[in-house]
Amino acid sequence: MTEAHQSARDQTTSTQTSQAPDLSVRIAGLVLKNPVIAASGTFGYGREYEGLIDVSRLGGICTKGLTLYPREGNRGRRLHETPSGLMNSIGLENPGIPAFIEKELPAMLGLGPAVIANLSGSTVEEYQEGARLLGATGIDMIELNISCPNVKAGGMAFGLCPADASSVVRAVRKVSSKPLMVKLSPNAPDLAGVAQACVDAGADALSLVNTFKALAFDIRRRRPVFDHVTAGLSGPAIKPIALRMVWDVCAAVQVPVVGMGGIAIAEDALEFFMAGAAAIQVGTATFPRPSAMIEIIEGLERFMKTEGIGQLSELSLQGKY
Amino acid sequence: MTEAHQSARDQTTSTQTSQAPDLSVRIAGLVLKNPVIAASGTFGYGREYEGLIDVSRLGGICTKGLTLYPREGNRGRRLHETPSGLMNSIGLENPGIPAFIEKELPAMLGLGPAVIANLSGSTVEEYQEGARLLGATGIDMIELNISCPNVKAGGMAFGLCPADASSVVRAVRKVSSKPLMVKLSPNAPDLAGVAQACVDAGADALSLVNTFKALAFDIRRRRPVFDHVTAGLSGPAIKPIALRMVWDVCAAVQVPVVGMGGIAIAEDALEFFMAGAAAIQVGTATFPRPSAMIEIIEGLERFMKTEGIGQLSELSLQGKY
Amino acid sequence: MAETAHCSHDRAFLPGTIIANPVIYEAKGEGAVSVLKVSWDGPESKPGQFFMLRLVRSGVLLGRPISVLDHQKGILSFLVAERGAGSRELVQGRPGETIELAGPLGNTWPSMPDSTGASASGPGSAVTKPLALVGGGIGIAPLLFLSKIMDSADFRFFAGFRSRPYGLESLPSQNLTVATEDGSAGHRGRIPDFFNPAEYRAVYACGPAPMLRRIAEDCAKAAVPCFISLEERMACGVGACLGCTVRTKQGNRRCCADGPIFPAEEVLFDD
Amino acid sequence: MAETAHCSHDRAFLPGTIIANPVIYEAKGEGAVSVLKVSWDGPESKPGQFFMLRLVRSGVLLGRPISVLDHQKGILSFLVAERGAGSRELVQGRPGETIELAGPLGNTWPSMPDSTGASASGPGSAVTKPLALVGGGIGIAPLLFLSKIMDSADFRFFAGFRSRPYGLESLPSQNLTVATEDGSAGHRGRIPDFFNPAEYRAVYACGPAPMLRRIAEDCAKAAVPCFISLEERMACGVGACLGCTVRTKQGNRRCCADGPIFPAEEVLFDD
Ligand SMILES: Cc1cc2nc3c(=O)[nH]c(=O)nc-3n(C[C@H](O)[C@H](O)[C@H](O)COP(=O)(O)OP(=O)(O)OC[C@H]3O[C@@H](n4cnc5c(N)ncnc54)[C@H](O)[C@@H]3O)c2cc1C
Ligand SMILES: Cc1cc2nc3c(=O)[nH]c(=O)nc-3n(C[C@H](O)[C@H](O)[C@H](O)COP(=O)(O)OP(=O)(O)OC[C@H]3O[C@@H](n4cnc5c(N)ncnc54)[C@H](O)[C@@H]3O)c2cc1C
Ligand SMILES: Cc1cc2nc3c(=O)[nH]c(=O)nc-3n(C[C@H](O)[C@H](O)[C@H](O)COP(=O)(O)O)c2cc1C
Ligand SMILES: Cc1cc2nc3c(=O)[nH]c(=O)nc-3n(C[C@H](O)[C@H](O)[C@H](O)COP(=O)(O)O)c2cc1C
Ligand code: FES
Ligand code: FES
């Protein structure tokens, strides 16, 4: 754990002054200095946005999805903009966990925000081995990605039914004592069931949503835009549905839930806290406005001050409707 | 059937000239002069947009959702705009089928476009009695709404699982010989299963998607925007997901599928034809641009001309990916 | 009781061009207010009617309902106050830009009985009394349009603002009473405090809901006919979506198509 | 082989104000082209670099990557061609509007060996040969910026257009060769037809993919170093999303962060 985290942890015990509201949150034993986390796949390995924003101010950073073995990712078009949305088909391009640990992690640990390793795999064994390697490093948390819609084997497949989700979470839990957050797919027919299964299998926290399975055609070329036909939809377009799903999952489980999906401004983040989220992630919104997360942190602070809120958790409306 | 439909029917048998492409489509025995239909709940009873556009040019018009007994609809806020999307919680406000038949239908039948009655109910019996009454009128088709997310009893409940969907479709089929289209919910965990169940129970066609279950909070008042907490999301935001669902359902069933969800311009409509849709509906896009459907008809015509397409069905990519 | 006037379907959806859009009011913590002028080829408007407005280059989905401030020789004017993203865009629209307009929509202020008229004469009302036009903030717009086509002897205009007044230049000063909450101009306080309905043969009002409610109550007590222009969120603006419900004693009404002007006595105010 | 130059992380995300945006080209069936000038307080740019641009009042989600045409004394210039909704907005941005810019991003044209330089001297290359700057359509922009900081004796500029040329005013005419597909100016045909790589010590090119491919092939045959600036769809522009992959002989590269300028010989062109 870096010093920045340590000092964030200390802060939570200090009494809240009216000057600076206390934005710190505790998730699965890990204290974040604020609840704003860069979403996996949208913030590289933490340094790509240096120079454009003060990265050290973020609560946490999720790495690009990591797999045990290096992956080239998908061929063909990888991005397609839709109204207030972005479709992507990256296909988990990454250098593999050993190379990540060697080349990216050391610098990432020095940035300040909590480091959350987003872990994917094609088989339970691959997930397990990845978790074992990551468990021996200084990362703060594992985010188990069972919800990537853009790879053929694994990924989302594990997140679609409670039994599969359970098996991979249980296997990873066995080999890792790192705080374990499981990232859910909005494409699961029984989302609450998957959520509960993950918790029962040992997840310390849940995060959602990953991208929605979506489709686009290129009408000039008369073929799908993406080589894999479907791709994942993110961005402000999905926010109202993502928020509903976070609300449903918060109602279903007792562990902290990290909400995401289309959050672009502080007001969006506040809606997720009202839905019961313990923290939030921001992905797509960083692309057009690299400062989005910083402005969200500042906006949350301002809101807490004006409304006299001591902890963001006070905002939750769970149980009231 | 009105004269306009009759002449549209005649047109389909005429040979296609390079001057005016043939946009007519046949769905469940009904021929529409073009495949652009006003979506239920967004075009009133057909006359509300008179003066703003030439309503007679549309292929068809779906009525606001009708129930046997009059309904007041929901209290509180009914509309909420989101990025490229619209949430609504109207709650099926309507005068009841007898009043519709007496006061709205006669004028509606004179407009020109095919008249499609969107039918809802709380019980199988209510659906059945509604279908019986509508069956005795001049309407061209029944669109069975088993997917409205905004009413407590009935509506979406029937559309969420294959068995329930089957029972209501079978009951309505029994009492009505009108062409029967069933409107599916994107919130169904097993969409293809529901689709197949509807077809097995006698549906002549399917339409989708209805609105997505979504949530919004009013952060000033610290409560949900809508009295019913959740509401239905429509508009361009949902298009990429709706298109994927239409693609999936077209692959699963053999009956014509009418696609909708966020269609705003001719290019959007073309994507749905590429997904395999036989016709399309336009809802939310009419609000900001009443001329949207007219421009879509003209855009489809232009595209067919430039690309030398005889029938829109040639665009379907079903079976190729 | 006078009926609100329903107009024919002489309306259109057409693009227009912004010819001017000066900001006439700006204050800390409040949105700006501009006078948006658009050259537009559609049919004439009547006072009380509104348009659905949307810039072609827009970041919002829906048009926004805005009352007509004036409509002469193909030039439509609006008074636009910045509230959220949609109205902010309208305030920021620049000369030369294309804007799409659907309208004119909705009903108009009821036909105004002159001194010989009968429709406003209820028990105790004197037919020679003038009309009271009561606007709160941006709510002055549809009343200003009405005032422009009326004989100035036949109405008095009451305008209330939070702070500095705006948009009142067209009014003869002898017809005008101004109140501001901070006392920065005219009377300090709220319009209902400076206004006795009994002195008027009818009251037409537009503004924030609490103001309308208070005026409706005062008019009811004084048995003076009162018509209020209501605001609801709108999607279609033409009666098709049933999103803009106003609850009345006669059941649900659509603000856009059955209103926006309603007899105050029929409206059921929320909670 | 010269390496493309990677620059420090001296960059910023800051709003700027449009100070001018005249349309300089318009033709039926093609989009308009404008010269967008923005006053901006961020760090200096180098030729070849680009910015992610987005108007604050925008109907699209993402910024659009646009090459720097010039950057002097706090004024950034861009040459913007209308293709789809995003670039159309940029062409339509009006003076006074706020625009947000992230940049400068990406690498720059490789350091240019002058007549005594060694890095471009391969087998058979004469060190006194000038550089060839080859632009197709809007692709001239990053090369124009480069030409402005070069000695005019040291380069020749080749510019190809579908029809009427635009944007070439800053170039000395003796340095310039123009070709148009319809013959409306300069040579009739495509640039690669009027251009012999062997006469140059290196070729820098930007434009449509088929043109770049052809030039890359011609340069390879002539064993002349060739650098091309590539376009891919971008979301982040900074290397974070992996959406802008360029396939190279060394594996995947990110167009935005590892490029946009690549040694032509390393690029694997698609199908
Ligand atoms: C018939 C009619 C005529 C109108 N005439 C004018 C006019 O002449 N000039 C003018 O400036 N405005 C007028 N309005 C109000 C204007 O339509 C709203 O201010 C605008 O739609 C707000 O949209 P927004 O995106 O800016 O705000 P939003 O982001 O939607 O909301 C911002 C704030 O405004 C409030 N608000 C939003 N919409 C409404 C609404 N419809 N009614 C009440 N409060 C709302 C919200 O509660 C919130 O506090 C009129 C409204 C109606 C229904
Ligand atoms: C590094 C870089 C520098 C660039 N410099 C300039 C410049 O100086 N001036 C300029 O006008 N444009 C430049 N472009 C291209 C510009 O970014 C695209 O034209 C723009 O993003 C298109 O967006 P749109 O919304 O207008 O079009 P879309 O609606 O996205 O697409 C419209 C059409 O443009 C094509 N298109 C869209 N994006 C790209 C792309 N990135 N590459 C190739 N084709 C595309 C599509 O295939 C389609 O035919 C540059 C691109 C890159 C990557
Ligand atoms: C380009 C891109 C790449 C992504 N890659 C990953 C990934 O590798 N692992 C993962 O769990 N989620 C990935 N995601 C999903 C995001 O982390 C996030 O769940 C999703 O985008 C919704 O949030 P947003 O709307 O704020 O972007 C990716 C999203 C985008 C847009
Ligand atoms: C205001 C509103 C009211 C609606 N009412 C109904 C309805 O009564 N019955 C129904 O089947 N669908 C109803 N819908 C759903 C639409 O018909 C359509 O399925 C949905 O909006 C998706 O299409 P769109 O994105 O083009 O609007 C309604 C939609 C809206 C926006
Ligand atoms: S806004 Fe649609 S009915 Fe009034
Ligand atoms: S655009 Fe994101 S990596 Fe290049």
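Residues numbered from 1 in each chain as written. Chains lettered and ligands numbered in written order. Predicted model: local features only at pLDDT ≥ 70, side-chain atom pairs only at ≥ 80, totals over all residues. Heavy atoms only, no water.

Visitor: Can you help me understand the packing of helix α2 (residues 97-109) of chain A against helix α3 (residues 124-135) of chain A in this one?
Guide: A pair of packed helices is captured by two measures, namely the crossing angle of their axes and the spacing between those axes. All names here are of chain A. One can describe the packing of α2 onto α3 by two numbers: an axis separation of 10 Å at closest approach and a directional angle of 20 degrees. The orientation of α2 with respect to α3, classified from their angle, is roughly parallel. Relative to α3, α2 is oriented so that their crossing is right-handed. Every residue of α3 that contacts α2 at I97, P98, F100 and I101 is listed here: G130, L133 and L134. A per-class count over the contact of α2 with α3 returns six nonpolar, one polar and no charged. (Axes fitted to C-alpha atoms, helices over the stretch in contact; angles between N-to-C directions. Helix = DSSP H or I, 4+ residues; strand = E, 2+ residues; numbered from the N terminus. Parallel < 35°, antiparallel > 145°, perpendicular 65-115°, else oblique. Left-handed = near helix turned anticlockwise from the far one by under 90°. Contact = heavy atoms within 4.5 Å. Nonpolar A, V, L, I, M, F, W, Y, C, P; charged D, E, K, R; others polar.)

Visitor: Mind showing me how you'd approach the site of ligand 2 here?
Guide: All names here are of chain D. Of all residues adjacent to ligand 2, which total 20 residues, the nearest are P65, L79, A81, G86 and S87. P65 is positioned with one of its backbone polar atoms (N or O) 2.7 Å from an oxygen atom of ligand 2. Breaking the shell around ligand 2 down by element, the ones donating at least two residues are β5 (64-67), β7 (75-81) and α1 (85-92). A per-element tally of the shell around ligand 2 places β5 first, with four residues. Residue classes in the shell around ligand 2 are distributed as 11 nonpolar, four polar and five charged. (Near = heavy atom within 4 Å. Polar contact = N/O pair within 3.5 Å; in protein donor to acceptor, adjacent residues only side chain to side chain.)

Visitor: What am I meant to see in the site of ligand 3 here?
Guide: Residues and elements named next belong to chain A. Residues in contact with ligand 3 amount to 23 residues; listed here are only the nearest, S40, K183, G235, G262 and T284. In the model, an oxygen atom of ligand 3 is placed 3.0 Å from a nitrogen or oxygen of the N118 side chain. Within the side chain of N145, an N or O atom sits 3.0 Å from an oxygen atom of ligand 3. Contact with the protein chains hides 99% of the accessible area of ligand 3, taken as 600 Å² for the molecule alone. Among the residues forming the shell around ligand 3, the class breakdown is six nonpolar, 15 polar and two charged. (Areas by Shrake-Rupley, 256 points an atom, 1.4 Å probe, with all protein chains shown as cover.)

Visitor: Just to check I follow, could you spell out the environment of A27 of chain C for this structure?
Guide: Residues and elements named next belong to chain C. Its place among the elements puts A27 in the loop between β2 (23-25) and β3 (33-39). By relative accessible area, which is 26% here, A27 ends up partly exposed. A27 sits 112 residues away from G139 along the chain, and the two C-alpha atoms are 18 Å apart. (Buried < 20%, exposed > 50% of the residue type's maximum accessible area, 1.4 Å probe, protein only.)

Visitor: I'm lost on the interface of chain C and chain B in this one. Help?
Guide: For interface size, the figure often reported is the accessible area lost on association. Contacts between the two partners involve 27 residues from chain C, matched on the other side by 29 residues from chain B. Counting the surface lost from both chain C and chain B, the interface buries some 2400 Å², and carbon and sulfur atoms represent 57% of this. Scanning the region where chain C abuts chain B turns up two salt bridges. Measuring nitrogen to oxygen at the nearest pair gives 2.8 Å for the salt bridge that ties R64 of chain C to E81 of chain B. Put simply, chain C and chain B have 11 residue pairs in polar contact (both at pLDDT 80 or more) between them. Those elements giving two or more residues to the side of chain C that touches chain B turn out to be β1 (12-20), β8 (98-105), β15 (245-248) and β16 (251-254) of chain C. For the side of chain C that touches chain B, the residue count by class is 13 nonpolar, seven polar and seven charged. (Buried area = accessible area lost by both parts, 1.4 Å probe. Salt bridge = Lys/Arg side-chain N within 4 Å of Asp/Glu carboxyl O.)

Visitor: I would appreciate a short explanation of the relation of the copies chain B and chain A in the present structure.
Guide: At an RMSD of 0.0 Å, chain B and chain A line up after a rotation of 180 degrees and a shift of 0.0 Å along the axis. Look at the turn and shift together and you get a two-fold axis relating the two. Interface overlap between copies: 100% of the residues of chain B at the interface are likewise at the interface in chain A, consistent with a symmetric, same-surface contact. (Least-squares fit on C-alpha atoms with pLDDT ≥ 70 in both.)

Visitor: Explain the interface of chain B and chain A to me, please; I cannot follow it from the model alone.
Guide: Facing the 39 residues of chain B at the interface are 39 residues of chain A. Surface buried jointly by chain B and chain A totals about 3500 Å² across both partners, of which 69% is contributed by carbon and sulfur atoms. On the chain B side of the interface with chain A, the three residues burying the most area are F217, I219 and R222 of chain B, jointly 20% of the side's total. Run the count over chain B and chain A and you get four salt bridges.

Visitor: Which parts of the structure should I look at to understand the arrangement of the chains?
Guide: Inter-chain contacts occur across four pairs of chains; the most extensive set of contacts lies between chains A and B. As for chain C relative to chain A, no contact occurs, and the smallest C-alpha gap between them is 9 Å.

Visitor: Is there a simple way to think about the side chain of S89 of chain A in this case?
Guide: All names here are of chain A. Relative to the helices and strands, S89 is located in the loop between β6 (85-88) and α2. Using a relative accessible area of 2% as the deciding quantity, one classes S89 as buried. Within polar-contact distance, the side chain of S89 engages the side chain of N74 at 2.9 Å.

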